[in-house]
Amino acid sequence: MNQATKTKPVREQHHESAQGQQLVFDGGQDLQTILSEGYLYAVKLRGVDQPHFFVFNTLTYSASPVQRLTGTTLQGITIEITPDTIDRINSISVTDLPGEALPALVTELCEAITTAPQRLPPEELAAILDRAPTTVDTTDLVFLTRRYLEHRPETLSQLGPPVTEFVVRTDGLGGTLVLKQITAIAQEEPAAVAPIVDDLAGIVQSQGGAAVEPIKHVAEDDPEAVLDAIPALAAAADGDQGMRRQLVYTFTRVAQAYPEALLPTVDTLTTALNDDTANIQINALSALGRIASHYPDIGADIVDPVASLVEHDNAQLRGNAVGLLADTAQAHPAAVLAHAPAIVERLRDTDASVRQNAAMALNRAGRADPSVIRDYGDRLQEMLTDDSATVRATVCTLIGNAGVDVPAERLRELRSNDPDGTVREQAAYALSARSNRS
């Protein structure tokens, strides 16, 4: 639909009034456009120096019984103007509106936006936000912006910088309320917010978690949409704990598909390992693990903070921590082996997956110095009776690789009688490795 405020070639139409006077429609809009698209008009009355400004929702022209223009404003007020009182009427944009008339316009739009949001083109709202802070009540602007975005979320692609700049200027509760509206949109229509992710990332330093929240929802729907914003988000990660938690969650959503993009976030994710909420620590471990799988060099830097979690009360967290140590041991076995005592303790964990990860971590780290593993021979022999076949098989492999002194008859019993085929195979391997060393 053509907007009444767009620039068009200037045309004039003259309509003879009953008194033979001319009614002139000027300013780039012909009469038909004015009648069909009425929005913001300056009406110059005869004998009056300054024009009047009206926000018309509809305009009708009648020649009978008397020529007149009847306009209904966005507020629902009807105004009738007879041609003999008009010098001219022309459509204008918000940027042409005198500053002193702007507050009244904003008030009118606030009251009418629910029923006629399409009458306010997004570029006009952008102009209002740019011009208004010094002349219009902030509460009215916040209300107008929130209500407009609620009804026209698709316009965010055009309103990104004006809205985020307004949020920064407003600050405090007003800015937070606008960001809450954007978050509500991101939850329901994340694609509508995706085009302004970079703009939101640019205000995270000043607005904190309220600016991260909508980005988080976009990342859940389309991780690729937040890739360009990652450096700015990582740079802002020194904020409060609440914001850091949201950032970690966002980074985790991106890590699965785009681990290379998260290299700038390693410090943030490592710091999050010290958070006092297990879910945040689990998310941070997940993202770090994904990054390390593609960039093993970072593993050496994260071994110590990861190892600090292997005795955590949360089974999933300590299991993930030991699992990440097992992955890291492939590239940095000596760094992981330094934490052998704590990892060995996990061989008695109540959770089978933790025990399995501990056995795998020791198996891989033992390559750096098998003698360290041999010091725990009694514990490993004990694990040959574990309820988990996976644990029994991995311990057999570890015994064979490290040359752990376990009675041969115990391995033979597993090779012959264990109900699990993999355990039997690995017991046979341990016996073979034992024989080769003899």
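Treat the numbers as computed from the prediction; the structure is a model and nothing was measured. (Residues numbered from 1 in each chain as written. Predicted model: local features only at pLDDT ≥ 70, side-chain atom pairs only at ≥ 80, totals over all residues. Heavy atoms only, no water.)

Peer 1: Before we go on, may I ask you to explain the nonpolar core in this structure?
Peer 2: Nonpolar side chains tend to gather and get buried jointly when the protein is soluble and globular. Grouped together as the largest cluster of nonpolar side chains are 122 residues, with contacts concentrated most on Leu105, Ile128, Leu144, Ile182 and Val193. Looking at this core element by element, the count peaks at 9 residues for helix H14 (residues 278-294). Non-local contacts of Leu105, meaning those with residues more than four positions away in its chain, are made with Leu40, Val55, Val94, Leu97 and Ile128. Membership of the second largest hydrophobic core comes to 9 residues, among which are Val43, Phe54, Leu69 and Ile89. (Core = buried A, V, L, I, M, F, W, Y, C linked by side-chain atoms within 4.5 Å. Buried < 20%, exposed > 50% of the residue type's maximum accessible area, 1.4 Å probe, protein only. Helix = DSSP H or I, 4+ residues; strand = E, 2+ residues; numbered from the N terminus. Contact = heavy atoms within 4.5 Å.)

Peer 1: Hey, could you run me through the packing of helix H3 (residues 122-131) against helix H5 (residues 156-170) in this one?
Peer 2: Geometry of a packed helix pair, given as the angle between the helix axes and the separation of the axes. It is at 9 Å that the axes of H3 and H5 come closest, and there the two elements cross at 25°. Between H3 and H5, the angle is such that the two are roughly parallel. Crossing angle aside, the handedness with which H3 passes H5 is left-handed. The segment H3 lies against H5, with Pro122, Glu123, Leu125, Ala126, Leu129 and Asp130 engaging Gln158, Leu159, Pro162, Val163, Phe166 and Arg169. (Axes fitted to C-alpha atoms, helices over the stretch in contact; angles between N-to-C directions. Parallel < 35°, antiparallel > 145°, perpendicular 65-115°, else oblique. Left-handed = near helix turned anticlockwise from the far one by under 90°.)

Peer 1: I keep staring at the pattern of salt bridges and nothing clicks. Help me out?
Peer 2: Once their charged atoms are close, side chains differing in charge can pair, the charge on each being opposite to the other. In this structure the tally under the stated criterion is 15 salt bridges. Note that Arg152 and Glu154 form a salt bridge whose closest N and O atoms lie 3.2 Å from each other. Its relative accessible area of 17% is what places Arg152 among the buried residues. Note that Lys216 is salt-bridged to Glu213, the shortest N-O span being 3.4 Å. (Salt bridge = Lys/Arg side-chain N within 4 Å of Asp/Glu carboxyl O.)

Peer 1: Honestly, a negative patch on the surface in this entry has me stumped. Any pointers?
Peer 2: A contiguous patch of negative charge on the surface is contributed by Glu220, Asp221, Asp222 and Glu224. Mapped onto the elements of the fold, Asp222 is located in the loop between helix H10 (209-221) and helix H11 (230-235). A relative accessible area of 32% means that Asp222 is categorised as partly exposed. (Patch = residues over 30% accessible without salt bridge, like charges linked within 9 Å, V, L, I, M, F, W, Y side chains within 5 Å. Areas by Shrake-Rupley, 256 points an atom, 1.4 Å probe, with all protein chains shown as cover. Lys, Arg positive; Asp, Glu negative; His and termini not counted. Charge placed at Lys NZ, Arg CZ, Asp CG, Glu CD.)

Peer 1: Help me understand the confidence of the model for the protein in this model?
Peer 2: Detail in the predicted coordinates should be disregarded across regions flagged by low pLDDT. Residues of the protein with pLDDT of at least 70 account for 90%, and the chain-wide mean is 87. Confidence scores differ between elements of the protein, with strand E1 (residues 13-16) showing the lowest mean pLDDT of 39 and helix H7 (residues 190-193) the highest of 98. This stretch, residues 1-22, has a pLDDT under 50; its non-local contacts, to residues over four places away or in other chains, come to 59 contacts. (pLDDT = per-residue confidence, 0-100.)

Peer 1: Quick question: what am I supposed to make of helix H6 (residues 172-188) here?
Peer 2: What sets the pattern is the α-helix's 3.6 residues per turn: residues three or four places apart point alike. Taking 1.5 Å as the rise per residue, H6 with 17 residues should run 24 Å; its terminal C-alpha atoms sit 25 Å apart, in good agreement. Turning to H6, its buried residues are Gly174, Gly175, Val178, Leu179, Gln181, Ile182, Thr183, Ile185 and Ala186. Against helix H4 (138-151), H5, H7, helix H8 (197-201), helix H9 (204-207) and H10 lie the buried residues of H6. (Expected span 1.5 Å × (residues − 1).)

Peer 1: Help me understand the packing of aromatic side chains, please; the structure alone is not making it clear to me.
Peer 2: Counting across every chain of the model gives 0 aromatic pairs. Directly above the aromatic system of Tyr249 lies the positively charged group of Lys216, at a separation of 5.4 Å from the ring centroid. Just above the ring of Tyr249 sits the side chain of Arg253; from NZ or CZ to the centre is 4.4 Å. (Phe/Tyr/Trp six-rings, centres within 6.5 Å; stacked < 30°, edge-to-face > 60°. Lys NZ or Arg CZ within 6 Å of the ring centre and 35° of its normal.)

Peer 1: Please clarify how the packing of H14 against helix H16 (residues 315-328) should be interpreted in this entry.
Peer 2: With their axes 10 Å apart at the nearest point, H14 and H16 run at an angle of 20° to one another. With respect to each other, H14 and H16 are oriented roughly parallel. Relative to H16, the crossing made by H14 is left-handed. Where H14 approaches H16, its residues Ala278, Gln281, Ile282, Leu285, Leu288 and Gly289 are matched on the opposing element by Gln316, Leu317, Asn320, Ala321 and Leu324. In the contact of H14 with H16, the residues fall into 7 nonpolar, 4 polar and no charged. (Nonpolar A, V, L, I, M, F, W, Y, C, P; charged D, E, K, R; others polar.)

Peer 1: Any chance you could explain the side chain of Thr268 here in plain terms?
Peer 2: Among the secondary structure elements, Thr268 is positioned in helix H13 (residues 266-272). Beyond its immediate stretch of four places on either side in the chain, Thr268 contacts Ala234, Ala237, Arg244 and Phe251.

Peer 1: Please clarify how the environment of Ala236 should be interpreted in this entry.
Peer 2: Residue placement: Ala236 occurs in the loop between H11 and helix H12 (241-255). Put simply, Ala236 and Thr268 are 32 residues apart on the chain and 9.6 Å apart in space, counted from C-alpha to C-alpha. For Ala236, the residues in contact, after removing those within four places along its chain, are Val204, Gln205, Met243 and Leu247.

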